[in-house]
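Take a look at the letters that make up each chain.
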Amino acid sequence: MAKPLTDHERRKQISVRGLAGVENVADLKTNFNRHLHFTLVKDRNVATKRDYYFALANTVRDHLVGRWIRTQQHYYDKDPKRVYYLSLEFYMGRTLQNTMVNLGLENACDEAIYQLGLDMEELQDIEEDAGLGNGGLGRLAACFLDSMASLGLAAYGYGIRYEFGIFNQKIVNGWQVEEADDWLRYGNPWEKARPEYMRPVHFYGRVEHTPEGVKWVDTQVVLALPYDTPVPGYRNNIVNTMRLWSAKAPCEFNLKDFNIGGYIQAVLDRNLAENISRVLYPNDNFFEGKELRLKQEYFVVAATLQDIIRRFKASKFGSTEFVRLDLAKMPDKVAIQLNDTHPALAIPELMRILVDIEKLDWEKAWDIVTRTCAYTNHTVLPEALERWPVDLFQNLLPRHLEIIYEINRRHLEVKRESKRILMRLLQFKDFYEMDPEKFQNKTNGITPRRWLVMCNPGLAEVIAERIGEDYIRDLDQLKKLLDFVDDNAFIRDVAKIKQENKLKLAAHLEEHYKVKINANSMFDVQVKRIHEYKRQLLNCLHIITLYNRIKNEPNKSWTPRTIMIGGKAAPGYHTAKMIIKLITSIGDIVNNDPVVGDRLKVIFLENYKVTLAEKVIPAADLSEQISTAGTEASGTGNMKFMLNGALTIGTMDGANVEMAEEAGEENLFIFGMRVEDVEALDRKGYDAASYYNRIPELKQAMDQISGGFFSPDQPGLFKDLVNMLMHHDRFKVFADYEDYIKCQEKVDALYKDPKEWTKKVIHNIAGCGKFSSDRTISQYAREIWGMEPSLEKIAAPDDPR
Ligand SMILES: *Cc1c(COP(=O)(O)O)cnc(C)c1O
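Computed from a prediction, not measured in an experiment: that's the story for all the values here.

Regarding the overall build of the chain
Inference 1: Tallying secondary structure elements over the chain gives 31 helices and 20 strands in all.
Inference 2: Over its C-alpha atoms the chain spans a radius of gyration of 28 Å, differing by no more than 12% from the 28 Å that the globule rule assigns to 801 residues.
Inference 3: Once the C-alpha set of the chain is aligned to its principal axes, its extents read approximately 90 × 70 × 60 Å.
Inference 4: Per-residue burial for the chain yields a buried fraction of 60% across its 801 residues.

Describing the nonpolar core
Inference 1: By size, the foremost hydrophobic cluster in this structure holds 225 residues, and its most contacted members are M148, F299, Y471, L478, L481, F734 and W785.
Inference 2: If one sorts the elements of this core by residue count, helix 9 (residues 291-314) sits on top with 11 residues.
Inference 3: Discounting chain neighbours no more than four positions away, the residues touching M148 are V83, Y85, L153, A155, N240, I777 and W785.
Inference 4: Listed in part, the 30 residues of the second largest apolar core include Y52, F54, L56 and M100.

Brief notes about the state of the cysteines
Inference 1: The final tally for this structure, using the stated rule, is 0 disulfides.
Inference 2: The thiol of C143 is unpaired, and the distance to the nearest cysteine sulfur, on C455, comes to 11 Å.
Inference 3: Between C768, a free cysteine, and C455, which holds the nearest cysteine sulfur, the sulfur-to-sulfur gap is 12 Å.
Inference 4: Take C768: its relative accessible area is 2%, and that puts it in the buried class.

Topic: a negative patch on the surface
Inference 1: A contiguous patch of negative charge, built from E469, D470, D474, D476, E661 and E662, is present on the exposed surface.
Inference 2: According to the relative accessible area criterion, D476 is partly exposed, its value standing at 38%.

Comments concerning the packing of aromatic side chains
Inference 1: If you walk through the whole model with that rule in mind, you get 21 aromatic pairs.
Inference 2: Aromatic pair F144 and Y780: ring centres 5.6 Å apart, planes at 65 degrees, arrangement edge-to-face. Remark: Y780 occurs in helix 31 (residues 773-785) and F144 occurs in helix 7 (residues 136-150); sequence separation between them is 636 residues.
Inference 3: A residue is classified by how much of its surface remains accessible, and F144, at 0% relative accessible area, is buried.
Inference 4: With a centroid separation of 6.2 Å and an interplanar angle of 55 degrees, the aromatic rings of Y547 and F709 are classed as tilted. Here the residue Y547 occupies a position in helix 20 (residues 536-552), and F709 occupies one in the loop between helix 27 (696-707) and helix 28 (719-727), the gap between them amounting to 162 residues.
Inference 5: Relative accessible area serves as the criterion here: at 2%, Y547 is assigned to the buried category.
Inference 6: Under the relative-accessibility criterion, F709 is labelled partly exposed at 36%.
Inference 7: Of the aromatic side chains, those joined through ring pairs into one cluster are Y84, Y156, Y158 and W245.
Inference 8: One Lys or Arg, R310, reaches over the ring of Y197 and ends 5.3 Å from the middle of that ring.

Some details on unusual backbone geometry
Inference 1: Of note, D218 is a non-glycine position whose phi angle comes to about 55 degrees, a positive value.
Inference 2: Structurally, the position occupied by D218 is in the loop between strand 10 (213-217) and strand 11 (220-232).
Inference 3: The phi dihedral of N237 falls on the positive side, at around 65 degrees, and the residue is not glycine.
Inference 4: Tracing the chain through its elements places N237 in the loop between strand 11 and strand 12 (239-248).

Describing the packing of helix 7 against helix 31
Inference 1: Viewed as axis vectors pointing N to C, helix 7 and helix 31 meet at an angle of 75 degrees, and their least axial separation amounts to 9 Å. The orientation of helix 7 with respect to helix 31, classified from their angle, is roughly perpendicular. For the pair formed by helix 7 and helix 31, the contact residues are C143, F144, S147 and M148 on the first element and S773, D774, T776, I777, Y780 and W785 on the second.
Inference 2: Split by residue class, the contact of helix 7 with helix 31 holds 6 nonpolar, 3 polar and 1 charged.

So, the sheet that holds strand 19 (residues 647-650)
Inference 1: The strand order across the open sheet formed by 6 strands is 17-16-15-18-19-20, and the pairing between neighbours is parallel. The open sheet has two free edges, formed respectively by strand 17 (600-605) and strand 20 (669-670), since each of these has just one partner strand.
Inference 2: By the bridge criterion, 6 bridges tie strand 16 (residues 561-566) to strand 17 in an arrangement that is parallel. Across the sheet, residue I565 finds its bridge partner in strand 17, namely F604.

Some thoughts on the packing of helix 2 (residues 22-38) against helix 5 (residues 106-115)
Angle between the axes and distance between the axes are the two parameters that describe a pair of packed helices.
Inference 1: Helix 5 packs onto helix 2 with a crossing angle of 60 degrees between their chain directions and a minimal axis gap of 9 Å. Taken together, the axes of helix 2 and helix 5 lie oblique to each other. Here helix 2 and helix 5 pass one another in a crossing that is right-handed. Residues N24, V25, L28, K29 and F32 of helix 2 touch helix 5, and the partners they reach there are A108, C109, E111, A112, I113 and Q115.

What about the UniProt feature "modified residue: N6-(pyridoxal phosphate)lysine" (unreviewed entry) in the chain?
Inference 1: The positions that UniProt labels "modified residue: N6-(pyridoxal phosphate)lysine" (unreviewed entry) are, in the present scheme, K640.
Inference 2: Relative to the elements of secondary structure, K640 occurs in helix 23 (residues 637-643).
Inference 3: Setting aside its immediate chain neighbours within four residues, K640 contacts R139, I446, W451 and I617.

A closer look at the pairing of strand 18 (residues 622-625)
Inference 1: Of the two faces of strand 18, both are covered, the one formed by L622 and E624 as well as the one formed by S623 and Q625.
Inference 2: The pairing of strand 15 (residues 522-527) with strand 18 spans 2 bridges and is classified as parallel. Along strand 18, the bridge assignment pairs V525 with S623.
Inference 3: In this sheet, strand 19 lies alongside strand 18 in parallel orientation, the contact comprising 4 bridges. For S623, the partnering residue across the bridge sits in strand 19 and is T648.
Inference 4: At this point the chain moves from strand 18, through helix 23, to the parallel strand 19, and the crossover so formed is right-handed.

Considerations on the site of the ligand
Inference 1: Taken together, 14 residues lie near the ligand, and K528, K534, T636, G637 and K640 sit nearest.
Inference 2: The contact in question runs from an oxygen atom of the ligand to an N or O atom on the side chain of K534, over 2.8 Å.
Inference 3: Measuring from an oxygen atom of the ligand, one finds a backbone N or O atom of G637 at 3.0 Å.
Inference 4: For the shell around the ligand, the per-class residue count stands at 5 nonpolar, 5 polar and 4 charged.

Examining helix 19 (residues 488-513)
Inference 1: In this model, helix 19 (26 residues) spans 36 Å end to end at C-alpha, consistent with the 38 Å of a helix rising 1.5 Å per residue.
Inference 2: Of the residues that open helix 19, the one with a side-chain oxygen 2.9 Å from the backbone nitrogen of A489 is D487.
Inference 3: At the C-terminal side of helix 19, K514 shows a positive phi close to 55 degrees.

Digging into the pattern of salt bridges
Inference 1: A full pass over the atoms with the stated rule returns 66 salt bridges.
Inference 2: Across the pair D79 and K333 runs a salt bridge whose closest N-O atoms are separated by 3.9 Å. Of this pair, D79 sits in the loop between helix 3 (49-78) and strand 1 (82-86) while K333 sits in helix 11 (residues 330-333), placing them 254 residues apart in sequence.
Inference 3: By relative accessible area, D79 is classed as buried at 8%.
Inference 4: K333 sits in the buried class, given a relative accessible area of 16%.
Inference 5: A salt bridge links D524 to R561; the nearest nitrogen and oxygen atoms lie 2.7 Å apart. Of this pair, D524 sits in strand 15 while R561 sits in strand 16, placing them 37 residues apart in sequence. You'll find D524 and R561 in the same group, each marked buried.
Inference 6: A cluster of three or more residues bridged by salt bridges with shared partners is formed by R194, R199, D228, R243, D307, R310 and R311.

Cut-off values and rules
Residues numbered from 1 in each chain as written. Predicted model: local features only at pLDDT ≥ 70, side-chain atom pairs only at ≥ 80, totals over all residues. Heavy atoms only, no water. Helix = DSSP H or I, 4+ residues; strand = E, 2+ residues; numbered from the N terminus. Rg over C-alpha atoms; globule rule 2.2 N^0.38 Å. Buried < 20%, exposed > 50% of the residue type's maximum accessible area, 1.4 Å probe, protein only. Core = buried A, V, L, I, M, F, W, Y, C linked by side-chain atoms within 4.5 Å. Contact = heavy atoms within 4.5 Å. Disulfide = S-S within 2.5 Å. Patch = residues over 30% accessible without salt bridge, like charges linked within 9 Å, V, L, I, M, F, W, Y side chains within 5 Å. Areas by Shrake-Rupley, 256 points an atom, 1.4 Å probe, with all protein chains shown as cover. Salt bridge = Lys/Arg side-chain N within 4 Å of Asp/Glu carboxyl O. Lys, Arg positive; Asp, Glu negative; His and termini not counted. Charge placed at Lys NZ, Arg CZ, Asp CG, Glu CD. Phe/Tyr/Trp six-rings, centres within 6.5 Å; stacked < 30°, edge-to-face > 60°. Lys NZ or Arg CZ within 6 Å of the ring centre and 35° of its normal. Axes fitted to C-alpha atoms, helices over the stretch in contact; angles between N-to-C directions. Parallel < 35°, antiparallel > 145°, perpendicular 65-115°, else oblique. Nonpolar A, V, L, I, M, F, W, Y, C, P; charged D, E, K, R; others polar. Pairing = 2+ DSSP bridges. Left-handed = near helix turned anticlockwise from the far one by under 90°. UniProt positions renumbered as here; feature names shortened; annotations may be inferred. Right-handed = clockwise from strand over helix to strand, strands pointing away. Near = heavy atom within 4 Å. Polar contact = N/O pair within 3.5 Å; in protein donor to acceptor, adjacent residues only side chain to side chain. Expected span 1.5 Å × (residues − 1).

Structure, rendered in structure tokens:
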């Protein structure tokens, strides 16, 4: 009998991981050893695993450098229109494997590391996530960077280099505990500081209206120090730049006192200025009106706009003697995309630069601003909308407040002239009626490089065996898989890959959680930020219902499930933290009940982040996307699961609607109220008690939560949650309970028929084309930015030898 393949041998057989030419491997080994010696200053007797990771990261990074310099030179020579993606969040995750994938170096590096007697996955696991984001919005920015580079767009991501990203979540006695994310502690091999491009950013002060124009004076200055990170496109030799700003106090900061005590204090006070880039605000879909946050928002905008204008003026176009340098040409050469309102100060700041500094008249400036900037709205939740207290704003950015008032005054005037209505604050609807063409919808997407090739090479490969590898840059080609829906060999391959992924995750979970996992059970997964609108509580009610049913009829042939829930709660969000405690408490009861055995397990996945998503999603059978209809603007987690061969149980909310359209509604498990039903229920009045009284299993589950069944030591522990669900549940959990449970019964039934299950999986994968962020970015490029995406390669430089 043939020996089973080792991980290394198996990976070697996967062609999407690139060719491992003999010379390539030899060069990689040489360069690895050179970095270990010259960069890490270690020999193999004393080198640690981390040294080996850094040696490998530097070796791979060397392959980026020539491409990076060449790409930027190419942009300077060709002077295409530039697009700037401004975001307070870039949720990048790890960089090493993504770089190897996009450069086609994965198999070669794997072989080199193997020949050096080291373990690739072990080294990769040493890399910290760049967790500079909260959830979907920040991860979208990261996927967009990958797609913009892969489509050859001259694009730049601009944001903040937070010293501490999203906190690390520890679960202690079932509760969330936050730990600082000191991600830079061992250094970041992917960034390059550029102190020569440092820029001043002004705060506070006052406004003087003089005959020569408006002056913003007596300000306090903080310096913005840029750090550049390369963003490689997929096998096209393009390397774009993500530039993140770090706050630095000027040398002369606070140095007006000359006595020694004043001097020491002044040096200590430099921290106050440098706190601006200290930490990411950990709220997802929630606005917190803190001054430090407003400083962060202005800091990134002010530094970035100086950079954009400097680059425009220094461009061939801007500086050629034939075309007079003319800021009026900026909209032809520059597009600025604002990721939600977080960087929306770009609008008044660009007005300030054009009017106060460049001395353009208001109308001309406004024309440039409106043709250069575009903004994306990501949520409909009112608590997420930014509404700054006027006095805070006035104090920090007095000139910008004046400009905003002036913008508003002129809008009202236009509106009055055209419609003759009373003065009031303009609403969304008024703007839409004035300029409907300025409102567009762009369906979000995910990059198939990270979310398939990188995290699920087995699936990427069995797909490539059927339809070739081009689908990786043209995801619509996945629809060719419809020819294989009834192909037994393909069905077998897809099911086999899923099983392998599940076994691997099961091993990880058993080691980490000390729970025996049944890898033949359905892996039912809900991973996303913990939020009432995402309704992890509905999932909890299903778990309790399943548990009660198993206890009532222990001998029935229940479809075994391993239910995993993961996600962070904002540190100040009490209800979300109680939801985590409820999940872990349910797990404690269910997982230790001998009657249940391995037919139902509940695991709270600690510290959900990009890297954990990459491990969990390829192993999922069922994806839970169960938000109240009308609350999730899009969701992108839903798309990652679909691409990785999980079936979705979901409401008709956000992008689930389009997923059902693309894969066929019969291939998803859709349940619950539609948006119209929710609105109708709102008009009628949602009465939670009526469901509780009418549905015995719901009543039983709620009575168990409120009676202390899951918290025997503290029977009243969940009274706030119970009170919320019974009396002020904005998200109407009970109204969807019955249909959700029925739908889960259909899921159970189909899971008993693996072949039919996998056919639906294939329909889903085949319907994924639309959800590539390449499609999203192509639409942004053509319909908003006035740019043309391209799959052309540029010339490759010589790789390091
Ligand atoms: C994709 C992703 C999200 C967004 O998930 P949703 O289910 O769309 O909310 C959040 N966090 C991480 C780590 C992700 O990768």
